[in-house]
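# Inside the fold
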Amino acid sequence: MDKVMFTVNGKSVEVEAEKNWTLLYVLREKLDITGPKPGCNTGDCGACKVLLDGEAVNSCTTLIGKCEGRDVVTIEGIAREGQLHPIQESFVEKGAVQCGYCTPGMVISAKALLDKNPEPSRNEVIGALDNNLCRCTGYVKIVDAILDASEKMRGKGGE
Ligand code: FES
Ligand code: FES
(Lines give C-alpha, C1' and ligand atoms only; values in the text may rest on other atoms or scores of the structure.)
(Ligands and ions follow the chains in the order given, each with its own letter.)
Protein backbone atom coordinates (compact mmCIF):
# COMPACT_ATOMS: atom_id res chain seq x y z
CA MET A 1 0.00 0.00 0.00
CA ASP A 2 1.10 3.55 -0.73
CA LYS A 3 -0.18 6.86 0.59
CA VAL A 4 -1.84 9.05 -1.99
CA MET A 5 -2.72 12.66 -1.23
CA PHE A 6 -5.09 14.67 -3.34
CA THR A 7 -8.00 17.10 -3.07
CA VAL A 8 -11.63 16.03 -3.33
CA ASN A 9 -14.33 18.67 -3.49
CA GLY A 10 -11.99 21.23 -1.95
CA LYS A 11 -10.76 19.05 0.93
CA SER A 12 -7.33 17.44 1.18
CA VAL A 13 -7.48 13.68 1.64
CA GLU A 14 -4.85 11.03 2.20
CA VAL A 15 -5.60 7.39 1.50
CA GLU A 16 -3.68 4.16 1.76
CA ALA A 17 -4.13 2.54 -1.60
CA GLU A 18 -2.83 -0.20 -3.85
CA LYS A 19 -1.39 1.15 -7.08
CA ASN A 20 -3.89 -0.72 -9.21
CA TRP A 21 -6.97 0.66 -7.42
CA THR A 22 -9.05 3.01 -9.48
CA LEU A 23 -10.12 6.49 -8.47
CA LEU A 24 -13.74 5.29 -8.63
CA TYR A 25 -13.02 2.50 -6.13
CA VAL A 26 -11.23 4.85 -3.75
CA LEU A 27 -13.95 7.50 -3.93
CA ARG A 28 -16.79 5.05 -3.29
CA GLU A 29 -15.23 2.45 -1.02
CA LYS A 30 -12.63 4.44 0.96
CA LEU A 31 -14.08 7.94 1.02
CA ASP A 32 -17.83 7.16 0.91
CA ILE A 33 -18.33 9.50 -2.03
CA THR A 34 -20.96 7.59 -3.99
CA GLY A 35 -22.10 10.16 -6.58
CA PRO A 36 -19.79 8.72 -9.27
CA LYS A 37 -21.48 5.48 -10.33
CA PRO A 38 -19.95 2.18 -11.42
CA GLY A 39 -21.60 1.36 -14.73
CA CYS A 40 -19.47 -0.47 -17.26
CA ASN A 41 -16.12 -0.17 -15.42
CA THR A 42 -14.45 -0.12 -18.84
CA GLY A 43 -14.51 3.59 -19.69
CA ASP A 44 -17.49 3.39 -22.02
CA CYS A 45 -20.56 4.76 -20.20
CA GLY A 46 -19.49 7.92 -18.33
CA ALA A 47 -21.52 7.15 -15.19
CA CYS A 48 -18.32 7.42 -13.11
CA LYS A 49 -17.16 10.78 -14.48
CA VAL A 50 -15.40 13.28 -12.24
CA LEU A 51 -13.41 16.41 -12.90
CA LEU A 52 -9.66 15.85 -12.60
CA ASP A 53 -7.92 19.23 -12.70
CA GLY A 54 -11.01 20.49 -14.53
CA GLU A 55 -11.13 17.76 -17.19
CA ALA A 56 -13.99 15.26 -17.24
CA VAL A 57 -12.45 11.79 -16.85
CA ASN A 58 -13.82 8.32 -16.27
CA SER A 59 -12.81 7.51 -12.71
CA CYS A 60 -13.21 3.76 -13.42
CA THR A 61 -10.19 3.85 -15.71
CA THR A 62 -8.13 6.40 -13.76
CA LEU A 63 -5.60 4.73 -11.49
CA ILE A 64 -5.34 6.30 -8.05
CA GLY A 65 -1.58 6.64 -8.42
CA LYS A 66 -2.19 9.22 -11.16
CA CYS A 67 -4.16 11.40 -8.73
CA GLU A 68 -1.30 12.35 -6.40
CA GLY A 69 -1.43 16.11 -5.78
CA ARG A 70 -4.33 16.63 -8.14
CA ASP A 71 -7.76 18.18 -7.77
CA VAL A 72 -10.82 15.94 -8.01
CA VAL A 73 -14.39 17.24 -8.10
CA THR A 74 -17.33 14.85 -7.98
CA ILE A 75 -21.03 15.58 -8.37
CA GLU A 76 -21.10 16.18 -4.60
CA GLY A 77 -18.80 19.18 -5.11
CA ILE A 78 -20.77 20.92 -7.85
CA ALA A 79 -23.39 22.64 -5.65
CA ARG A 80 -22.21 25.60 -3.58
CA GLU A 81 -23.32 26.40 -0.02
CA GLY A 82 -26.53 24.45 -0.37
CA GLN A 83 -27.40 26.11 -3.71
CA LEU A 84 -27.67 23.96 -6.80
CA HIS A 85 -25.27 24.87 -9.57
CA PRO A 86 -27.06 26.42 -12.61
CA ILE A 87 -26.39 23.19 -14.54
CA GLN A 88 -28.19 21.22 -11.84
CA GLU A 89 -31.03 23.76 -11.78
CA SER A 90 -31.44 23.46 -15.53
CA PHE A 91 -31.42 19.66 -15.38
CA VAL A 92 -34.28 19.81 -12.87
CA GLU A 93 -36.23 22.50 -14.74
CA LYS A 94 -35.91 20.82 -18.16
CA GLY A 95 -36.80 17.33 -16.93
CA ALA A 96 -33.29 16.07 -17.71
CA VAL A 97 -32.84 14.18 -14.43
CA GLN A 98 -34.13 11.01 -15.98
CA CYS A 99 -32.35 8.57 -13.67
CA GLY A 100 -29.88 8.72 -10.84
CA TYR A 101 -27.34 6.58 -12.58
CA CYS A 102 -26.21 8.52 -15.61
CA THR A 103 -27.09 12.02 -14.35
CA PRO A 104 -23.99 12.66 -12.20
CA GLY A 105 -21.73 11.91 -15.16
CA MET A 106 -23.84 14.03 -17.50
CA VAL A 107 -23.59 17.02 -15.14
CA ILE A 108 -19.83 16.57 -14.80
CA SER A 109 -19.37 16.50 -18.59
CA ALA A 110 -21.58 19.59 -18.88
CA LYS A 111 -19.52 21.43 -16.26
CA ALA A 112 -16.24 20.61 -18.02
CA LEU A 113 -17.70 21.82 -21.32
CA LEU A 114 -19.21 25.07 -20.04
CA ASP A 115 -16.10 25.99 -18.05
CA LYS A 116 -14.11 25.88 -21.31
CA ASN A 117 -16.76 26.90 -23.78
CA PRO A 118 -19.46 29.06 -22.15
CA GLU A 119 -21.52 29.36 -25.33
CA PRO A 120 -21.50 25.96 -27.04
CA SER A 121 -23.57 25.10 -30.09
CA ARG A 122 -26.07 22.25 -29.86
CA ASN A 123 -23.62 20.04 -31.76
CA GLU A 124 -20.82 20.91 -29.37
CA VAL A 125 -23.02 19.88 -26.43
CA ILE A 126 -23.83 16.61 -28.18
CA GLY A 127 -20.11 16.09 -28.80
CA ALA A 128 -19.30 16.70 -25.13
CA LEU A 129 -21.70 13.88 -24.20
CA ASP A 130 -20.27 11.33 -26.62
CA ASN A 131 -18.83 9.30 -23.73
CA ASN A 132 -21.99 9.54 -21.59
CA LEU A 133 -24.48 6.80 -22.30
CA CYS A 134 -28.17 6.86 -21.52
CA ARG A 135 -29.65 3.39 -21.89
CA CYS A 136 -33.24 4.20 -21.09
CA THR A 137 -34.66 7.48 -22.37
CA GLY A 138 -32.81 9.89 -24.59
CA TYR A 139 -30.58 12.90 -24.82
CA VAL A 140 -32.89 15.69 -26.01
CA LYS A 141 -33.81 17.02 -22.55
CA ILE A 142 -30.22 16.68 -21.36
CA VAL A 143 -28.89 18.71 -24.29
CA ASP A 144 -31.69 21.28 -23.77
CA ALA A 145 -30.74 21.56 -20.09
CA ILE A 146 -27.07 22.17 -20.86
CA LEU A 147 -27.91 24.87 -23.40
CA ASP A 148 -30.25 26.44 -20.85
CA ALA A 149 -27.52 26.34 -18.21
CA SER A 150 -25.12 27.98 -20.63
CA GLU A 151 -27.54 30.90 -21.01
CA LYS A 152 -28.08 31.13 -17.25
CA MET A 153 -24.37 31.09 -16.51
CA ARG A 154 -23.60 33.77 -19.06
CA GLY A 155 -26.44 35.87 -17.66
CA LYS A 156 -24.89 35.54 -14.22
CA GLY A 157 -21.36 36.13 -15.50
CA GLY A 158 -20.39 32.48 -15.10
CA GLU A 159 -20.13 30.23 -12.03
S1 FES B 1 -18.26 3.06 -15.14
FE2 FES B 1 -16.67 4.31 -15.83
S3 FES B 1 -17.13 4.70 -17.91
FE4 FES B 1 -18.65 3.31 -17.26
S1 FES C 1 -31.58 8.60 -18.00
FE2 FES C 1 -29.99 7.58 -16.95
S3 FES C 1 -29.47 5.92 -18.19
FE4 FES C 1 -30.98 6.97 -19.28
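As the structure is a computational prediction, the values presented were derived from the model and not from experiment. (Residues numbered from 1 in each chain as written. Chains lettered and ligands numbered in written order. Predicted model: local features only at pLDDT ≥ 70, side-chain atom pairs only at ≥ 80, totals over all residues.)

### Comments concerning the overall build of the protein chain
- Helices and strands together make up the secondary structure of the protein chain, namely five helices and five strands.
- When the helices and strands of the protein chain are read in sequence order from the N terminus, they spell out β-β-α-β-β-β-α-α-α-α.
- Taken over C-alpha atoms, the radius of gyration comes to 15 Å for the protein chain, in line with the 15 Å a tight globule of 159 residues would show.
- Principal axes of the C-alpha set define a box for the protein chain whose edges measure 45 × 35 × 25 Å.
- Here the protein chain holds 159 residues, and 43% of them are scored as buried.
- Taking the contacts inside the protein chain whose residues are at least 6 apart along the sequence as the reference set, 61% of them involve residues at least 24 apart. (Helix = DSSP H or I, 4+ residues; strand = E, 2+ residues; numbered from the N terminus. Rg over C-alpha atoms; globule rule 2.2 N^0.38 Å. Buried ≥ 20, exposed ≤ 12 C-beta atoms within 10 Å, placed from the backbone. Contact = placed C-beta atoms within 7 Å.)

### Re the domain arrangement of the protein chain
- Looking at the assigned domains, one finds that the protein chain contains domain 1 (2–77) and domain 2 (86–155).
- For domain 1 and domain 2, the distance between their C-alpha centres works out to 21 Å.
- Of the residues lining the interface, 15 residues belong to domain 1; the matching set on domain 2 comes to 13 residues.
- Going through the elements one at a time, strand 3 (49–52) and strand 4 (55–58) are the ones with two or more residues in the side of domain 1 that touches domain 2. (Domains from an automatic or database assignment.)

### Some details on the sheet that holds strand 5 (residues 71–73)
- Read from one edge of the open sheet, five strands run 2-1-5-3-4, paired in mixed fashion. The sheet is open, and its two borders are formed by strand 2 (11–17) and strand 4, each paired with just one other strand. Neighbour-to-neighbour, the strand axes of this sheet turn through a mean angle of 40°, independent of strand direction.
- Of the strand pairs in this sheet, strand 3 and strand 5 are connected by two bridges, and their pairing is antiparallel. Across the sheet, Leu51 pairs through a bridge with Val73, a residue of strand 5.
- On top of the sheet, helix 3 (residues 103–116) reaches strand 3 and strand 4; it is set at about 30° to strand 3, its chief contact. (Pairing = 2+ DSSP bridges. Axes fitted to C-alpha atoms, helices over the stretch in contact; angles between N-to-C directions.)

### Looking at the nonpolar core
- Counting residues in each nonpolar core, the largest one holds 45 residues, and the members touching the most others are Leu23, Val50, Leu51, Val72, Val107, Ala110 and Ile146.
- Here the element with the most residues in this core is helix 3; it accounts for seven residues.
- When residues no more than four places from it in sequence are discounted, the contact partners of Ala110 are Ile87, Ile146 and Ala149. (Core = buried A, V, L, I, M, F, W, Y, C linked by C-beta atoms within 7 Å.)

### Here we look at the packing of helix 2 (residues 86–93) against helix 5 (residues 140–155)
- At a minimum axis distance of 8 Å, the contact between helix 2 and helix 5 shows a crossing angle of 135°. Taken together, the axes of helix 2 and helix 5 lie oblique to each other. For the crossing formed where helix 2 meets helix 5, the hand is right-handed. Between helix 2, through Pro86, Ile87, Ser90 and Phe91, and helix 5, the contact on the second element is made entirely by Ala145, Ile146, Asp148, Ala149, Lys152 and Met153.
- Class assignment for the residues of the contact of helix 2 with helix 5 results in seven nonpolar, one polar and two charged. (Parallel < 35°, antiparallel > 145°, perpendicular 65-115°, else oblique. Left-handed = near helix turned anticlockwise from the far one by under 90°. Nonpolar A, V, L, I, M, F, W, Y, C, P; charged D, E, K, R; others polar.)

### Description of the environment of Gly138
- Tracing the sequence through the fold places Gly138 in the loop between helix 4 (122–128) and helix 5.
- Taking the number of C-beta atoms within 10 Å as the measure of exposure, Gly138 has 9 and is therefore exposed.

### Structural notes on the environment of Val72
- Relative to the assigned elements, Val72 resides in strand 5.
- Using a count of 25 C-beta atoms within 10 Å as the deciding quantity, one classes Val72 as buried.
- Placed 50 residues apart in sequence, Val72 and Arg122 show a C-alpha to C-alpha distance of 27 Å.

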